[in-house]
Amino acid sequence: MKVGIVVFPGSNCDRDAFYAASITDGLEAEFLWHGDRAIPSDIECVVLPGGFSYGDYLRSGAIARFSRIMPEVARFAERGKPVLGICNGFQILTEAGLLPGALLRNAQQRFICRRVFVRVESTSTPFTSVLAHGQLLSLPIAHGEGRYYASPDVLEELEANGQVVFRYTDPNGAVTLEANPNGSANNIAGISNRAGNVVGLMPHPERACQALLGSEDGCGIFRSLVHYFENVGV
Amino acid sequence: MPQYRATITVTLRPAILDVQGKTVEHALHSLGFSEVRHVRIGKHITLDLDAPDEQTAQERCAQMSQQLLANPVVEDYTIALEETA
């Protein structure tokens, strides 16, 4: 199963994502260029990686979403194919309107680079299918603009439809104010679209796929993809 | 065709916490400007454009703001126009 990782000017987690997919049994990785006008037909999943596309000019993700490949990514998502946005990729997905809400400057007005705990809130996405509901993952975050915001009615909808995929918690899995690293609404760390095939999250699972890097908790996101293709198909 | 200079101001919606504004407000307080309240920080964008009339210029700037310059999910914008030629 081939995963296409889009490289934008200023992406800096593209190689990490490539590596994480490559070491997952059943997955192969391939780079896609932001200026491409088509997604090769053998690509089964698209990843928008972390970084600072276009220097975060204007707003994070605001320029990248006008890249030539983005209308293709939107069509790919419309067809129900899995799309994952990590960190800057999540910001690009919200700017593109493929996911609701927006990511604002962290409430503490600081860039945060540390490990956090997130709780799996939905296992019905292609990226969480082998994880358990309520499972805790230890993943790194590294962002200045990760405060998830959506209007109260959109938040209510996300919660009601089970579109909240990951939530920041303390080491015991409790959703607390202290465990919220950036002031995100409802401690939201990641969401999906209504159909569940488009997922965005601020933490970096691709940076937590080897014991040497301090955590293997990110592997489950990539293994889920393999499981999804084998059992659900597209 | 007349030329206009547009000044577009983009700010976070009033209901949304502006952490930059808060930080600057605290700094102003610590400098002794204790009378200061509600500091909000936004973006100031100027651009020149040709348009047949002011209304068209206004409409074009509104489209630019909605599609790119502001994120309508979290930001408001105002447009000020000045005819320059």
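Residues numbered from 1 in each chain as written. Chains lettered and ligands numbered in written order. Predicted model: local features only at pLDDT ≥ 70, side-chain atom pairs only at ≥ 80, totals over all residues. Heavy atoms only, no water.

For chain A, the count of helices and strands is five helices and eleven strands. Expected size for 234 residues packed as a compact globule is a radius of gyration near 17 Å; at 16 Å, chain A falls within 12% of this value. Seen through its principal axes, chain A has C-alpha atoms that stretch 45 × 40 × 35 Å. Evaluated residue by residue, chain A yields a buried proportion of 57% over its 234 residues. Sequence separation of 24 or more characterises 75% of the internal contacts of chain A that already satisfy a separation of 6 or more. (Helix = DSSP H or I, 4+ residues; strand = E, 2+ residues; numbered from the N terminus. Rg over C-alpha atoms; globule rule 2.2 N^0.38 Å. Buried < 20%, exposed > 50% of the residue type's maximum accessible area, 1.4 Å probe, protein only. Contact = heavy atoms within 4.5 Å.)

All names here are of chain B. With antiparallel pairing, the three strands of this open sheet are ordered in space as β2-β1-β3. The sheet is open, and its two borders are formed by β2 (42–50) and β3 (75–83), each paired with just one other strand. Geometrically, the sheet is characterised by an average inter-axis angle of 20° between neighbouring strands, direction not taken into account. Pairing geometry for strand β1 (residues 3–12) and β2, over nine bridges, is antiparallel. In the strand pairing of β2, Arg-5 is matched with Asp-48. Together, β1, β2 and β3 form the strand contacts of helix α2 (residues 54–69), whose direction differs from that of β3 by roughly 150°. (Pairing = 2+ DSSP bridges. Axes fitted to C-alpha atoms, helices over the stretch in contact; angles between N-to-C directions.)

This paragraph deals with the side chain of Asn-88 of chain A. Structurally, the position occupied by Asn-88 of chain A is in helix α3 (residues 88–95). Its relative accessible area of 0% is what places Asn-88 of chain A among the buried residues.

The next point concerns the layout of surface pockets. It is the rolling of a water-molecule-sized probe over the atoms that shows where space remains empty. Approximately 490 Å³ is the volume attributed to the largest pocket. When contributions to the lining of the largest pocket are tallied by element, the ones reaching two or more residues are α3 and β5 (102–104) of chain A together with β1, α1 (19–30) and β2 of chain B. Looking at the lining of the largest pocket residue by residue, the class counts come to ten nonpolar, seven polar and nine charged. (1 Å grid on protein atoms, 1.4 Å probe; cavity = no way out; pocket = protein on both sides within 12 Å on 5 of 7 lines; lining within 4 Å. Points joined across faces, edges and corners; volume = space filled by probe spheres on them. Nonpolar A, V, L, I, M, F, W, Y, C, P; charged D, E, K, R; others polar.)

On to the pattern of salt bridges. Following the criterion strictly, the structure yields 13 salt bridges over all chains and no others. Lys-2 of chain A is the salt-bridge partner of Asp-42 of chain A, the closest N and O atoms lying 3.0 Å from each other. Of this pair, Asp-42 of chain A sits in the loop between β2 (28–33) and β3 (43–48) while Lys-2 of chain A sits in strand β1 (residues 2–7), and the two are 40 residues apart along the sequence. Assessed through its relative accessible area of 37%, Asp-42 of chain A is described here as partly exposed. Residues Arg-167 of chain A and Glu-121 of chain A are paired through a salt bridge, measuring 2.7 Å at the closest nitrogen-oxygen approach. Linking Arg-167 of chain A in strand β9 (residues 164–169) with Glu-121 of chain A in the loop between β6 (112–120) and β7 (136–143), this pair joins segments that are 46 residues apart in sequence. Relative accessible area serves as the criterion here: at 10%, Arg-167 of chain A is assigned to the buried category. One network of salt bridges, in which partners are shared, links Arg-59 and Glu-95 of chain A together with Lys-43 and Glu-75 of chain B. (Salt bridge = Lys/Arg side-chain N within 4 Å of Asp/Glu carboxyl O.)

With that out of the way, let us pick up a negative patch on the surface. All names here are of chain B. Together, Asp-53, Glu-54, Glu-59 and Glu-83 make up a region of like negative charge exposed at the surface. You can see Glu-59 is positioned in helix α2. Given the relative accessible area of 40%, Glu-59 is considered partly exposed. (Patch = residues over 30% accessible without salt bridge, like charges linked within 9 Å, V, L, I, M, F, W, Y side chains within 5 Å. Areas by Shrake-Rupley, 256 points an atom, 1.4 Å probe, with all protein chains shown as cover. Lys, Arg positive; Asp, Glu negative; His and termini not counted. Charge placed at Lys NZ, Arg CZ, Asp CG, Glu CD.)

In this assembly, 16 residues from chain B lie in contact with 16 residues from chain A. Both faces combined, the contact of chain B with chain A buries some 1300 Å², and carbon together with sulfur accounts for 63% of it. At the junction of chain B with chain A, the criterion picks out one salt bridge. A salt bridge links Arg-59 of chain A to Glu-75 of chain B, with the nearest nitrogen and oxygen atoms 3.6 Å apart. At the junction of chain B with chain A, the criterion picks out six residue pairs in polar contact (both at pLDDT 80 or more). Elements supplying a minimum of two residues to the side of chain B that touches chain A: α1, β2 and α2 of chain B. In the side of chain B that touches chain A, the residues fall into ten nonpolar, four polar and two charged. (Buried area = accessible area lost by both parts, 1.4 Å probe. Polar contact = N/O pair within 3.5 Å; in protein donor to acceptor, adjacent residues only side chain to side chain.)

A word on the environment of Leu-158 of chain A. Residue and element names in this part refer to chain A. As for its position among the elements, Leu-158 is in helix α4 (residues 152–160). The spacing of Leu-158 and Val-47 is 111 residues in sequence and 22 Å in space, taken between C-alpha atoms. Leu-158 has contacts with Pro-100, Tyr-148, Gln-163, Val-164, Ile-191 and Ser-192, leaving out every residue within four places of it along the chain.

All right, on to the pairing of strand β11 (residues 198–201) of chain A then. All names here are of chain A. Residues Val-198 and Gly-200 of β11 are buried on one face, and the alternating residues Val-199 and Leu-201, pointing to the opposite face, are buried as well. Pairing analysis gives four bridges linking strand β4 (residues 83–86) to β11, with the strands arranged parallel. Residue pairing in the sheet places Ile-86 in a bridge with Leu-201 of β11. Relative to β11, strand β10 (residues 188–192) is paired through three bridges, and the arrangement is antiparallel. Following the sheet pairing, Ser-192 is matched in β11 by Val-199. Connecting β10 to the next strand, β11, in antiparallel fashion are five residues, including Gly-196 with a positive phi near 95°.

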